[in-house]
Amino acid sequence: MNSRKSSIDARKIQILWLIVREYIKSGYATGSKSLVRDEGMDISPATSRNDMKQLEEMGLVYQPYNSAGRLPTTRGIRMYVDYLIEVAPQRYIGTPIMTQEDALEFHDDRLYDLVSALSSATHDLAFCSSPDSGIYCIAGISHFLRKHSETLGEQIFSILDTVENRTLFTRTITNLAQPGRITVCIGEENILPELESCALMVADITLAGHRCHLGLLGSKRTDYGFNLSVLRTMGV
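Residues numbered from 1 in each chain as written. Predicted model: local features only at pLDDT ≥ 70, side-chain atom pairs only at ≥ 80, totals over all residues. Heavy atoms only, no water.

1. A short note on a negative patch on the surface
Phase 1 of the analysis: Residues Asp161, Glu164, Glu188, Glu194 and Glu196 make up a contiguous surface patch of negative charge.
Phase 2 of the analysis: Within the fold, Glu188 resides in the loop between β5 (182–186) and β6 (198–207). (Patch = residues over 30% accessible without salt bridge, like charges linked within 9 Å, V, L, I, M, F, W, Y side chains within 5 Å. Areas by Shrake-Rupley, 256 points an atom, 1.4 Å probe, with all protein chains shown as cover. Salt bridge = Lys/Arg side-chain N within 4 Å of Asp/Glu carboxyl O. Lys, Arg positive; Asp, Glu negative; His and termini not counted. Charge placed at Lys NZ, Arg CZ, Asp CG, Glu CD. Helix = DSSP H or I, 4+ residues; strand = E, 2+ residues; numbered from the N terminus.)

Here's what the structure looks like:
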């Protein structure tokens, strides 16, 4: 990420962040005039158009059709997420997802309660897999459907089929999990083609001495900052 950012000045980074955030919030493209009018940037529309054109040449944004604004590419979202992982502060201040009791107890019901709380906080699909015990649980299918069905359309059902394929999905998240960090796969970065419209987050944690892979699945428009902050409360 640092090598990419070194070739982009601060103003273009600010524009990219605004484009990504608007996409996450509404799914709409951001135009040059809205950057000046709605975001309060102290530049002319001509300057913002030129900056967005350069961001497009870098492969960070694209124009869905002529005269439209810009949407972020997966690479543009990746730069934004890498920034959140590296420097964004933890900002989840709701009810703690994992209590001290959760960290000391390990059984099916406790893991399901933990996953359910994670889904309730984020409104994304939550999952937990323990290679040590073979336990696998998911929660939040209804949250996932309500939040992402408009964005994902009919493919949402093949996504759910993939998550419910225990052997395939647990093998995938086991390969992604890295101790001490949160792994994020965006769009076509996902190994499984059925998840190419999704954002997948996997945290490697330890509960009562057992290694667990805890995570969230949403569309590419998921709230990356919030979800990362929630997963960080798990001690990652």
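2. Considering the packing of aromatic side chains
Phase 1 of the analysis: With the rule as written, the count across this model stands at 4 aromatic pairs.
Phase 2 of the analysis: Pairing Trp17 with Tyr80 gives two aromatic rings, centres 5.6 Å apart and planes at 75°, and the pair type is edge-to-face. With Trp17 in helix α2 (residues 10–26) and Tyr80 in helix α5 (residues 74–87), this residue pair connects regions lying 63 residues apart in the sequence. Summarising the burial analysis for this pair, Trp17 and Tyr80 share the class buried.
Phase 3 of the analysis: Judged by centre distance (6.4 Å) and plane angle (50°), the ring pair of Tyr136 and Phe169 falls under tilted. On the criterion of sequence distance, the pair formed by Tyr136 in strand β4 (residues 136–139) and Phe169 in helix α10 (residues 166–176) is long-range, its members being 33 residues apart.
Phase 4 of the analysis: Under the relative-accessibility criterion, Tyr136 is labelled buried at 15%. (Phe/Tyr/Trp six-rings, centres within 6.5 Å; stacked < 30°, edge-to-face > 60°. Buried < 20%, exposed > 50% of the residue type's maximum accessible area, 1.4 Å probe, protein only.)

3. Brief notes about the pattern of salt bridges
Phase 1 of the analysis: Applying the stated criterion to the full structure yields 8 salt bridges.
Phase 2 of the analysis: For the salt bridge of Asp124 with Lys147, the shortest nitrogen-to-oxygen distance reads 3.3 Å. With Asp124 in the loop between α7 (108–122) and β3 (125–129) and Lys147 in helix α8 (residues 141–152), the pair connects residues that are 23 residues apart, well separated along the chain.
Phase 3 of the analysis: The buried category is assigned to Asp124, whose relative accessible area is 0%.
Phase 4 of the analysis: Here Lys147 falls in the partly exposed class, since its relative accessible area comes to 33%.

4. Observations regarding unusual backbone geometry
Phase 1 of the analysis: Residue His123 is not a glycine yet carries a positive backbone phi of 65°.
Phase 2 of the analysis: One can find His123 in the loop between α7 and β3.
Phase 3 of the analysis: For His123, a relative accessible area of 40% puts it in the partly exposed group.
Phase 4 of the analysis: A positive phi angle is found at Ala208, which is not glycine, with a value near 50°.
Phase 5 of the analysis: Topologically, Ala208 is positioned in the loop between β6 and β7 (210–219).

5. Structural notes on the packing of α2 against helix α4 (residues 45–57)
Phase 1 of the analysis: Across the interface, α2 lies against α4 with an axial gap of 10 Å and an inter-helix angle of 80°. Comparing their axes, α4 and α2 come out roughly perpendicular. Residue-level inspection shows Arg11, Lys12, Ile15, Leu16 and Ile19 of α2 in contact with α4, the latter providing Thr47, Asp51, Met52, Gln54 and Leu55.
Phase 2 of the analysis: Looking at the contact of α2 with α4 residue by residue, the class counts come to 5 nonpolar, 2 polar and 3 charged. (Axes fitted to C-alpha atoms, helices over the stretch in contact; angles between N-to-C directions. Parallel < 35°, antiparallel > 145°, perpendicular 65-115°, else oblique. Contact = heavy atoms within 4.5 Å. Nonpolar A, V, L, I, M, F, W, Y, C, P; charged D, E, K, R; others polar.)

6. Some details on the sheet that holds β5
Phase 1 of the analysis: Read across the sheet, 5 strands follow the order β4-β3-β7-β6-β5 without closing on themselves; strand pairing throughout is antiparallel. Lying at the two open borders of the sheet, with one neighbouring strand each, are β4 and β5. Recorded for the sheet is a direction-independent mean angle of 15° between the axes of neighbouring strands.
Phase 2 of the analysis: Pairing of β3 with β4 involves 4 bridges; the strand directions are antiparallel. Looking at β4, one finds that Phe127 is bridged to Ile138.
Phase 3 of the analysis: Here α7 sits on the sheet in contact with β3, β4, β6 and β7, set at roughly 30° to β4.
Phase 4 of the analysis: Contacting β3, β4, β6 and β7, helix α9 (residues 156–164) crosses the sheet at an angle of about 150° to β4. (Pairing = 2+ DSSP bridges.)

7. Structural notes on α8
Phase 1 of the analysis: Between its first and last C-alpha atoms α8 spans 14 Å; for 12 residues at 1.5 Å apiece the expected length is 16 Å, and the helix comes up short by more than 12%.
Phase 2 of the analysis: What α8 keeps buried is the set His143, Phe144, His148 and Leu152. On an axial view of α8, the arc spanned by its buried residues comes to 105°, and they lie on one face. Seen from the open side of α8, the exposed residues pointing more than 90 degrees away from its buried face are Arg146 and Glu150.
Phase 3 of the analysis: Backbone geometry just after α8 places Gly153 at a positive phi near 65°. (Expected span 1.5 Å × (residues − 1). Arc of directions from axis to C-beta.)

Just distances and angles here, no functional claims.
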